[in-house]
Amino acid sequence: MEEKDSSAAAERPSGLSTRAAEIAIALFMMLLGGLVVYDSLRLGVRWLSDGPQAGYFPFYIGLFICISSAVTLVQAMLNKAAAKKIFVEWGQLKLVLMVLIPAALFVLGIQLIGIYVASAVYIAVFMIWLGKYGWLKSVVVGVAVSVTVFVAFEIWFKVLLYKGLYNPLALIGY
Amino acid sequence: MDIQGVLSRGLLPLVAAFGLVAVSAPAAAWEPTKPVEFVIPAGTGGGADQMARLIQGIVAKHNLMKQPLIPVNKSGGAGAEGFLEVKAAKGDAHKIIITLSNLFTTPMATGVPFNWKDLTPVAMLSLDNFVLWVNAEDPYKTPKEYLDAVKKGGPNSFKMGGTGSKQEDQIITVAIEKAAGVKFTYIPFKGGGAVATQLVGKHINSSVNNPIEAVAQWRAGKLRALCVFDDQRMPYKNKVTDTQSWNDIPTCKEAGIPMDYVMLRGIFMPAGVAPDVVNFYVDLFNKVRATPEWKKFMEDGAFNQTFMTGKAYADWVAKAETLHRDLMKEAGFLAKP
Amino acid sequence: MEEINALMHGFSVALTPFNLMLMAIGIILGVLIGVLPGLGGANGIAILLPLTFTMPPTSAVIMLSCIYWGALFGGAITSILFNIPGEPWSVATTFDGYPMAQQGKAGEALTTAFTSSFIGALFAVVMITFLAPLVAKFALQFGPPEFFSVFFLTFCSFIGMGKEPPFKIIAAMMLGFGLAAVGIDTVTGQLRLIFGWHELMRGFDFLIAVIGLFGIGEILLSMEEGLSFQGRSARINTRIVIETWKKLPKFWVTSLRSCVIGCWMGITPGGATPASFMSYGIAKRMSPDGNKFGSGVPEGIVAPETAAHAAGTAALLPMLSLGIPGSPTAAVLLGGLLIWGLQPGPLLFVEQKDFVWGLIASMYLGNIVGLIIVLTCVPLFAAILRIPFSIVAPVIIVICAIGAYTVNNAMLDIWFMLLFGVLGYAFKKLSYPLAPLVLALVLGDQAEDAFRQAMLISQGDVRIFFSNWLVGSIMGLGVLMLVWPLIGRGMAALRGRAA
């Protein structure tokens, strides 16, 4: 695993503190762990004569998630240094969100109009908006990728990809 | 070869198929206008998957349909995913699904909101047999000898391997237990091939594999077939091993285990499709059944080649559903409401 | 020798222009399939299987097995270039392959990966040629307790090697196990951890998590550096292959060890994925440069790639000789054999000599053809990194979405992929390790199934895991691997005292 050296940005102005991020993730993990434990209790967590029940292992898995996250949580709360360390600068976060939010919209687009059309639009918009490319070039790349994928999957490999709730390709018979 | 068998199994449907073609052709019958999705509610490599991909190959090779047939595996949740999708695709004429017993067992065992009545029955392609297998090095030559040994060994001392939990293999195991008054330890594995191998390696004492899952080991003399769970013997008389054909395997009934079970390999499609759409697919599968590839596959896998459509098929499915509900209820496999 | 004659006969069957052409087509298709995450070898072969019904069986299996080799080769490409493993067994390749690409050594990393793959496959094929019947029997020894012991050994050889905070390692690994448990429980058929949400029944596929955690997570991380980023300075050098080859022989110990691990895991059949993890873990433990693993050392590519390919190839042996598929891909090929009218199993070697030896010969030829094709393309692959980020990023996200969809044909999986991406970003920045999470996710449910099947067999008696020499020695080896770092530290301390 390569690690991003978070101390490299030592002189940064302001951003989300590492402590806040640690606490948020630890709480999230504890929530997941809690859910696992909760459902395991329903399934049965005992060791019967013919071995463990369905919830036996998940119960301990959930428990371990909760305990280890609780330790991390406490460590984060007590760690004064982490409060000053920056998890991500606001400027960086903005850049990350500039990719993440369009990606989420892209997935929503897949849900609505299917992979092919959504992909072409997404690539073109990404290139124009974030890459500052010209209209023509962006649209050509977007459409080209999408058509290649279409030919490869739909026609060549005969793998049907998701066409969305409102399938625009129905117009051309797919 | 049994001439009458050939006539009734091979030629009659063929004649029927031609009849249908002759009748339906002039009336500008419905035809698919885009690729047809063939949903497989099981993983790649399993029995249903093999059959579906064979059908795809036959349709492509013999040019039986202008649009391609595209298999899609939706195996999640013991097949529930595939069934739920077809259920949701109401009125879609370009989607068909191949089923196995999980058509009944999955909703009953898990409580997933789904029933075969949510679908349109198209055709029964065949029925898959189950055979009771033991390791060839074990001394048991007949089902009775084996079950006597199981009884003598006491409850849970003999291990029965099978595919999945609360599905057909375990249902059969429970039915044997009831019929013979014994108790096995049932060990679920993920696939039929793994079960056969575990039996060869003596990690389990017996299995109820489908013929096609165990035939290789049978031919090699590693496994012994004790009896088949159909109510009549399998019709295939060509020698498979040095000494035995499928037909030489007795039925479990004649060997003194009063039970039978066969598994549906059938085609369904979404509800709300027009009758001529269903007719198109019935016709298509009639053509598939007439090809030499299909016949060879049926014989290799020792399938029961019963073919049904329309009301007869729906009635059969309804009866099978009741049977499964009873069996699963007795075994305590039904999902708690 | 009988095998040599048979093999020569096999070459005469396989070496027709038509078959050679099929090999090349198969390799290229396979590489494509391997590159697209989600569309793995098993799916790829299942998809192309019906196309081969019109061919003679020998040609058909040559083409399909070449797709398989191609997919094995291709899985490494995206792992190294974009940190997106195209196949489960390529995950361990990302650990050192991606850092190398980041350092501008993509060509070297790719050459190392391809060459190691080839060596692993070659080793396995030679073994198949000469030891087939002997080795096939070994596979039959494996019941549930033995399978569990193999998974146990994989975990033991991999964990306890991270530099991350221990509680985060535990949390990440347990999260992996938890995700693996979602869905239908094999042993009881109960629905676990789905909370009435039926779409969750299919569980979390390993590839969805990996595409998100590694691929999307990496893109988000790269974004912090800004969009000015104009592609990596991938040094393009047509002689890179020769230069890399000069450096590779010194890793022969790792290579040999990985070959053995791979063959063993392929036959048992544990599969290529555990083989690659186990091999990486053990190499890290045994190598003098062990502490540099993960920062971009070629040895960290040699170990998993060699083992994965050896395992992938060896997995075909139990399929041919016993009719047991050693991997999902082998399972699909097995279905193909049946459809072509061939019966896999102990008699195949006797009854279908042309077919079997033609296939074995094609394993040699296919891998050579494959190596030539992929090596000539190394500069091309490496050049992909030069494409500006603002074009590559959306295309990668599109490919990831397609990959996530094709795993289960499920729209919901694309959403999960995105969620895993965010999680991967946060985890990496907070130094939660991703490798144990992924390992637990891919092997967790198999390990649990094997454990509980063994418990059913023994009626709840855990001593079954030490009940015979085979399972006992694998478990023992696992324990040894677990305490190895302690032993190493102890030895160092002793040496320090002596000095």
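Within any chain, residue numbers begin from 1 and follow the written order of that chain's sequence. Each chain takes a letter, starting from A, and each ligand takes a number, starting from 1, following the order in which they are written. Side-chain atom pairs in this predicted model are given and counted only at pLDDT of 80 or more, local residue features only at pLDDT of at least 70, and totals for whole chains, interfaces and linings cover all residues.

Trainee: What am I meant to see in the overall build of chain A here?
Mentor: The number of helices and strands found in chain A is six helices and four strands. Taking 174 residues into account, the globule formula puts the C-alpha radius of gyration at 16 Å, and chain A, at 24 Å, lies well above it. Each of the three principal axes of chain A carries a C-alpha extent, and together these read 60 × 60 × 25 Å. Between the buried cut of 20 or more and the exposed cut of 12 or fewer other C-beta atoms within 10 Å of a residue's own C-beta lies the partly exposed class, and all C-beta atoms are placed from the backbone. Counting every position in chain A, which comprises 174 residues, the buried fraction comes to 38%. The contact rule is simple: place each C-beta atom from the backbone, and if two of them lie within 7 Å, those residues are in contact. Here the contacts in chain A between residues at least 6 apart in sequence split such that 64% fall between residues at least 24 apart. Under the scheme used here, helices are H or I runs from DSSP no shorter than 4 residues and strands are E runs no shorter than 2 residues, and both carry numbers assigned from the N terminus. Radius of gyration means the value over C-alpha atoms here, while the globule rule gives 2.2 Å times the residue count to the 0.38 power.

Trainee: Which parts of the structure should I look at to understand the overall build of chain B?
Mentor: Looking only at helices and strands, one finds 11 helices and 11 strands in chain B. Relative to a compact globule of 337 residues, whose C-alpha radius of gyration would be 20 Å, chain B shows 20 Å and is just as compact. For chain B, the C-alpha atoms occupy an extent of roughly 65 × 50 × 30 Å along the three principal directions. Within chain B, buried positions represent 55% of all 337 residues. Of the contacts formed within chain B by residues at least 6 apart in sequence, a portion of 78% connects residues at least 24 apart.

Trainee: Would you mind showing me how to read the interface of chain B and chain A here?
Mentor: Bring the parts together and some accessible area is lost; that lost area is often taken as the interface size. With seven residues of chain B in contact, the opposing surface of chain A contributes four residues. Residues are grouped as follows: Ala, Val, Leu, Ile, Met, Phe, Trp, Tyr, Cys and Pro are nonpolar; Asp, Glu, Lys and Arg are charged; all remaining types, including Gly, are polar. Counted by class, the side of chain B that touches chain A contains four nonpolar, one polar and two charged residues.

Trainee: Would you take a moment to explain the domain arrangement of chain B for this structure?
Mentor: All names here are of chain B. As assigned here, chain B comprises domain 1 (3-128 + 262-331) and domain 2 (131-248). Just the C-alpha atoms count here: the centres of domain 1 and domain 2 sit 27 Å apart. Contacts between the two partners involve 19 residues from domain 1, matched on the other side by 17 residues from domain 2. Contributions of two or more residues to the side of domain 1 that touches domain 2 are made by α4 (102-110), α10 (292-300) and α11 (310-331). Along the lines of polarity and charge, the residues of the side of domain 1 that touches domain 2 split into eight nonpolar, eight polar and three charged. Here the limits of each domain have been adopted from an automatic or database domain assignment.

Trainee: Sorry, what's going on with the packing of helix α6 (residues 168-180) of chain B against α11(B) here?
Mentor: The axes of two packed helices give the description: the angle between them and the distance between them. All names here are of chain B. Relative orientation of the contacting elements α6 and α11 amounts to 70 degrees, with a least axis distance of 10 Å. The angle between α6 and α11 places the two elements in the roughly perpendicular class. As α6 packs across α11, the resulting crossing turns out to be left-handed. Mapping the contact onto sequence places Ile171, Val174 and Ala175 in α6 and Leu327, Met328 and Ala331 in α11. Residues of the contact of α6 with α11, tallied by class, amount to six nonpolar, no polar and no charged. The axes used here are C-alpha line fits, helices contributing only the stretch in contact, and every angle between their N-to-C directions lies in the interval 0 to 180 degrees. Convention used here: angles under 35 degrees read as roughly parallel, angles over 145 as roughly antiparallel, angles from 65 to 115 as roughly perpendicular, and any remaining angle as oblique. Here a crossing is called left-handed whenever its near helix is offset anticlockwise from the far helix by less than a right angle, and right-handed whenever the offset is clockwise.

Trainee: Any chance you could explain the interface of chain C and chain A here in plain terms?
Mentor: With 56 residues of chain C in contact, the opposing surface of chain A contributes 59 residues. Those elements that provide at least two residues to the side of chain C that touches chain A are α5 (91-102), α8 (166-181), α9 (206-224), α19 (389-408), α20 (411-429) and α21 (435-458) of chain C. Element by element, the count of residues in the side of chain C that touches chain A is highest for α19(C), at 11 residues. Here the residues of the side of chain C that touches chain A are counted per class, giving 38 nonpolar, 10 polar and eight charged.

Trainee: Whenever I open this one, the domain arrangement of chain A confuses me. Can you help?
Mentor: Along its sequence, chain A is carved into domain 1 (14-84) and domain 2 (90-172). Each of domain 1 of chain A and domain 2 of chain A was reduced to a C-alpha centroid, and the two centroids are 37 Å apart.

Trainee: So what exactly am I meant to see when it comes to unusual backbone geometry here?
Mentor: All names here are of chain B. Of note in the backbone geometry, lysine 166 takes a positive phi value of approximately 60 degrees without being a glycine. Along the chain, lysine 166 falls in the loop between β6 (158-163) and α6. Residue lysine 166 is classed as buried on the basis of its C-beta count, with 27 C-beta atoms lying within 10 Å.

Trainee: Sorry, what's going on with the confidence of the model for chain B here?
Mentor: Interpretation of this model should avoid reading the predicted coordinates in detail wherever pLDDT is low. Residue and element names in this part refer to chain B. Residues of chain B with pLDDT of at least 70 account for 91%, and the chain-wide mean is 86. Mean pLDDT across the elements of chain B bottoms out in helix α1 (residues 3-24) (43) and peaks in strand β5 (residues 131-135) (95). For this predicted complex, the interface score ipTM comes out at 0.89, alongside a pTM of 0.85. The predictor reports its confidence for every residue as pLDDT, a score running from 0 up to 100.

Trainee: Whenever I open this one, helix α13 (residues 299-314) of chain C confuses me. Can you help?
Mentor: Residues lying three or four places apart along an α-helix face the same way, a consequence of the helix completing one turn every 3.6 residues. A helix is expected to span 1.5 Å for every residue after the first. Across its 16 residues, α13(C) extends 22 Å between first and last C-alpha, which sits within 8% of the 22 Å expected from 1.5 Å per residue. Burial of α13(C) is extensive: 16 of the 16 residues sit out of reach of the surface.

Trainee: Before we go on, may I ask you to explain the sheet that holds strand β10 (residues 263-270) of chain B in this structure?
Mentor: Strand pairs in the sheet, formed through backbone hydrogen bonds, run parallel or antiparallel to each other. Residue and element names in this part refer to chain B. At least two bridges found by DSSP between two strands are what make those strands a pair. Strand order in the open sheet formed by six strands is β2-β1-β3-β10-β4-β11, with mixed pairing between adjacent strands. The open sheet has two edge strands, β2 (69-73) and β11 (308-309), and neither has a second partner. Bridge count between strand β3 (residues 95-99) and β10: three bridges; the pairing is antiparallel. Looking at β10, one finds that isoleucine 97 is bridged to phenylalanine 268. Sitting on the sheet, helix α3 (residues 80-88) is in contact with β1 (36-40), β3, β4 (119-128) and β10, with an inclination near 145 degrees to β1.

Trainee: Just checking my understanding: could you explain the pairing of β4(B) for this structure?
Mentor: It is a general feature of regular strands that their side chains alternate between the two faces of the sheet. All names here are of chain B. Counting buried positions along β4 gives 10 out of 10 residues, so the element sits mostly inside the fold. Summarising the sheet, β4 and β10 pair through eight bridges and their orientation is antiparallel. Bridge pairing in β10 links serine 126 to arginine 265. Here two bridges tie β4 to β11, and the two strands are oriented antiparallel to one another. Bridging across to β11, methionine 124 finds its partner in methionine 308.

Trainee: How should the sheet that holds strand β9 (residues 223-228) of chain B be read in this particular structure?
Mentor: Residue and element names in this part refer to chain B. Read from one edge of the open sheet, five strands run β7-β6-β8-β5-β9, paired in mixed fashion. Both outer strands of the open sheet, β7 (184-189) and β9, are each paired with one neighbouring strand and no more. Across six bridges, the pairing between β6 and β7 is parallel. The residue bridging lysine 159 from the neighbouring strand is threonine 185, located in β7. Sitting on the sheet, helix α7 (residues 192-200) touches β5, β6, β7, β8 (206-207) and β9, and the angle it makes with β6 is about 155 degrees.

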